[in-house]
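This is what each chain is made of:
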Amino acid sequence: MSGQTVSMKEPVCLIENDSDGKLRVVRSALDILDKIDQHVVVVSVVGLYRTGKSYLMNKLAGERKGFALGATIQSKTKGIWMWCVPHPEKRDHTLVLLDTEGLGDVEKGDEKNDNWIFSLAVLLSSTLVYNSMGTIDNNALEKLHYVTELTEHIKVKSNQRDGEESSEYLRYFPSFVWTVRDFTLTLEVDGRPITANEYLENALKLRTGHSKKDQAYNLPRSCLRNYFSPRWCFVFERPASGDKMRRMEELTDADLEPAFVEQAKEFCDHVFNEAKTKTLKQGLKVTGRLLGNLAETYVSAIRSGQIPCLDNAVLALAQIENSSAIERARAHYQKGMADWVAYPTETQEELSEVHAAMEKEAVAIFINNSFKDEDQKYQLELMKVLQEEYEKICERNYKESQKACESKIECIFAPLEEKIRDGSYMTPGGYKEYCNDLKLATSEYRSEGGRGVKAEEVLKEYLERKASIGQAVLSADESLTEAEQRAEAEQARREASERENRAMEEQLVVQEMLRADQQRTYEENVNQLMERMERDSRNAIAEHDRVLQARLKEQNDLLQQGFDDKAHQMQREIDALKGAKAQEEEKKPSFMSTALDTVGTAATLFLPGILPKVGGMAVKWLSKWF
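Numbering of residues begins from 1 in every chain and follows the order in which that chain's sequence is written. Two thresholds apply to this predicted model, a pLDDT of at least 70 for residue-level local features and 80 or more for giving and counting side-chain atom pairs, whereas whole-chain, interface and lining totals are computed over all residues. Side-chain measures here rest on the full set of heavy atoms in the structure, leaving out hydrogens and waters.

Caption draft 1: Main features of the overall build of the protein chain. Elements are defined by DSSP. Helices are runs of H or I of four residues or more, strands are runs of E of two residues or more, and each kind is numbered from the N terminus. Broken down by element type, the protein chain carries 21 helices and 10 strands. Sequence-distant contacts, at least 24 apart, represent 76% of the contacts inside the protein chain between residues at least 6 apart. The Shrake-Rupley method, run with a 1.4 Å probe sphere, supplies the accessible areas, and residue values consider only the shown protein chains as cover. When the accessible surface of the protein chain is split by element, carbon and sulfur atoms take 49% of a total near 29,900 Å². The contact criterion used throughout is that any non-hydrogen atoms of two residues lie within 4.5 Å.

Encoded structure:
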């Protein structure tokens, strides 16, 4: 997906506390996100204050300065700050970096605010970076108690039961990266070298006991294992001496320890290559504009004292985005037609070709920016909107053709009109002269370009008005016998009938083109709808696979660690995931058929030119996909 993006010179505050201490979204930051049509990769960093979170984010932005580093024990970052830059690796993507205020700030002492900041970082990001100091030990995991309280601050469904399966959270939650700063240990277990990822997974192993102490020990570990997949770990040596640490913003890589520089590069490379596009349930990819709407929706729920509900947020966003998608598609169509149509078009086919191209692009814009369009309500609205726009354009084309033809007739037939006024034809032999002049003027008119789609109709109407004058000239011509006058009158009637037929054929061609336009409109919408539904189905199945594989891996880990009971309990969840995937695959043909019939039946109300047997069309289109 290509689209518009921004490249910010410095971060701005996205979410802050107002004078009452409540969280609010900063309007100017939303305005920035609203300009980003590209898909976004959103990386949030969280952690205790004064652990060097902002330095990592500046590195990801490719800058030494930006997010405030500070050199004291005070927390510098307040709220959530945002920095949007073009993604260095993913084409047509924007990298959105979110730096959160340090958790556990003793000066602020607001545990509730910390929980909401952590929850928002989880909700908004596609990759969550948790930054800590020293080692991953029980003390470090106890400080990450925010993860154990996530289900108290985030709901998946409005009617969610207590103990909802963790797989539901896996559909929404980001991947997880634990960065350990000032790491001084040797990465090995029982004398065997291990990777940083193995170090993390080893730290997340559960205890087999059932005491309260064991349960408290296991709780944060279970939450991390159940809610976040995949997980990675990076360890960093101390970057420089204490004196230099106070001037980090001024230092280049040459001033830092080589090992730290290399570790920081590995971390950045990992984020650039592994951090995924931000998605919602069923693989819906998020743009900058949609991310801003998400932030508003979640913060609005928090401000009103509610718990953010992920499914409700998606439904609310669908209404906003689908209406917006219609307007964006309409605006694109209007601009395209204004840029490419020169009135009047020489033929209806010429106008139809431009309409077809602009309509195809407009439908694509809608398809790419809409989601959860239940019963194709919004797509049908788009079809109606574009048809109304096209009808206006056709009406203008008719009027412009009428004006152009009348202007040409006025110019070309002016000499004939002058002779009529001065009576030049009211003499013996005048009728023959009148007929010759009329024939020459008609021929000249028909050879002219720029007349448009009403050329013959306007000519017919003009000559119909001149019929009485021709009859008068004929009656006054004494050089013609009575029989010759009857013959000339009959010839005039034949020519009038011919002009009538030409005008009718001209309009029939227009009507046939308009019916073909409506049929093509229907087929274009159905074709793009099928492609989107196929893509959505693939995304949904891929999501089922991702969550299923994560749960199978967790089950296998539990078995290896001796937690047979927990592994057995997880089987119910795994069976449900397999069933959901099978159901998704089975319902696809019937779901698509229903969607096709819905579109076809409704479209006949405002596209009367389309084929009436929409059921047959459903068979035709489904056979293309299966």
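So much for the structure itself; the text now carries on.
Caption draft 2: Seen up close, the packing of helix H15 (residues 414-422) against helix H16 (residues 430-447). Their axes nearest at 9 Å, the elements H15 and H16 cross at an angle of 155°. In this view, H15 runs roughly antiparallel relative to H16, as classed from their interaxial angle. With respect to the hand of their crossing, H15 and H16 are arranged in left-handed fashion. Listed contacts from H16 to Leu416, Lys419 and Ile420 of H15 are Glu433, Tyr434, Asp437 and Leu438. Geometry is summarised by axes, namely lines fitted to C-alpha atoms with helices restricted to the contacting stretch, and by angles between N-to-C directions that run from 0 to 180 degrees. Angle categories are assigned with fixed cut-offs, so that under 35 degrees is roughly parallel, over 145 is roughly antiparallel, 65 to 115 is roughly perpendicular, and the rest are oblique. Handedness of a helix crossing follows the sense of rotation of the near helix relative to the far helix, less than a right angle counterclockwise being left-handed and clockwise being right-handed.

Caption draft 3: Structural context of helix H7 (residues 196-203). Only protein chains enter the accessibility calculation, which uses a 1.4 Å probe. A residue is then buried if its area is under 20% of the maximum for its type, exposed if over 50%, and partly exposed in between. Turning to H7, its buried residues are Ala196, Tyr199, Leu200 and Ala203. With its buried residues spanning 95° around the axis, H7 presents them on a single face. Against the buried residues of H7 lie helix H4 (138-143), strand E7 (175-181), helix H8 (212-227) and strand E10 (231-235). Note that the arc is defined by the directions from the helix axis to the C-beta atoms.

Caption draft 4: Summary view of the confidence of the model for the protein chain. On average, residues of the protein chain score 86 in pLDDT, and 89% of them reach the 70 mark or higher. Confidence of the prediction at every residue is given by pLDDT, a number between 0 and 100. When pLDDT is averaged over each helix and strand of the protein chain, the minimum, 47, is found for helix H21 (residues 614-625) and the maximum, 96, for helix H17 (residues 455-465). Between residues 70-76, whose pLDDT stays under 50, and residues either more than four places distant or in other chains, the model counts 16 contacts. The model gives residues 612-619 a pLDDT under 50, and that stretch makes 12 contacts with residues more than four places away or in other chains.

Caption draft 5: A look at the environment of Arg535. Secondary-structure assignment places Arg535 in helix H19 (residues 482-560). For the pair formed by Arg535 and Gly283, sequence separation is 252 residues and the distance between their alpha carbons is 9.4 Å. What Arg535 contacts, discounting residues up to four positions off in sequence, is Ile367 and Asn368.

Caption draft 6: Geometry of the nonpolar core. Ranked by internal contacts, the top residues of the largest apolar core, which has 103 residues, are Met82, Phe118, Trp178, Phe228 and Phe267. Broken down by element, this core gets its largest block of residues, eight residues, from helix H3 (residues 111-124). Apart from residues lying up to four places away in sequence, Phe228 is in contact with Val122, Leu128, Val147, Leu150, Leu170, Phe173, Pro174, Phe176 and Cys223. Throughout this description, the term nonpolar core refers to a set of buried Ala, Val, Leu, Ile, Met, Phe, Trp, Tyr and Cys residues connected via side-chain atoms within 4.5 Å.

Caption draft 7: Here's a closer look at the packing of H17 against H19. With their axes 8 Å apart at the nearest point, H17 and H19 run at an angle of 150° to one another. Compared by their axis directions, H17 and H19 come out roughly antiparallel. Where H17 crosses over H19, the two elements pack in a sense that is left-handed. Of the residues in H19, those touching H17 at Ala455, Glu456, Glu457, Lys460, Leu463 and Glu464 are Arg499, Glu500, Arg502, Ala503, Glu506 and Gln507.

Caption draft 8: Representation of the pairing of strand E5 (residues 93-100) within the structure. Counting buried positions along E5 yields eight of eight residues, so the element is predominantly enclosed. Bridge count for strand E4 (residues 80-86) against E5 is seven bridges, and the pairing is antiparallel. Among the inter-strand pairings, Trp81 is bridged to a residue of E5, identified as Asp99. Pairs of strands are assigned from DSSP output, requiring at least two bridges between the strands.

Caption draft 9: Focus on the sheet that holds E10. The eight strands lie next to each other as E2-E1-E4-E5-E3-E6-E7-E10, forming an open sheet whose pairing is mixed. Lying at the two open borders of the sheet, with one neighbouring strand each, are strand E2 (23-25) and E10. Each neighbouring strand pair of the sheet contributes to a mean axis angle of 20°, computed without reference to strand direction. As paired strands, strand E3 (residues 39-47) and strand E6 (residues 127-133) are joined by five bridges and run parallel to one another. Among the inter-strand pairings, Val43 is bridged to a residue of E6, identified as Thr127. Contacts from H7 reach E7 and E10, with the element oriented near 115° to E10.

Caption draft 10: Looking closely at the environment of Cys268. The residue Cys268 is located in helix H10 (residues 258-274) in this model. Counting along the chain gives 212 residues from Cys268 to Leu56, while the straight-line C-alpha distance between them is 8.3 Å. Among all residues touching Cys268, those that are not within four sequence positions of it are Lys59 and Leu60.

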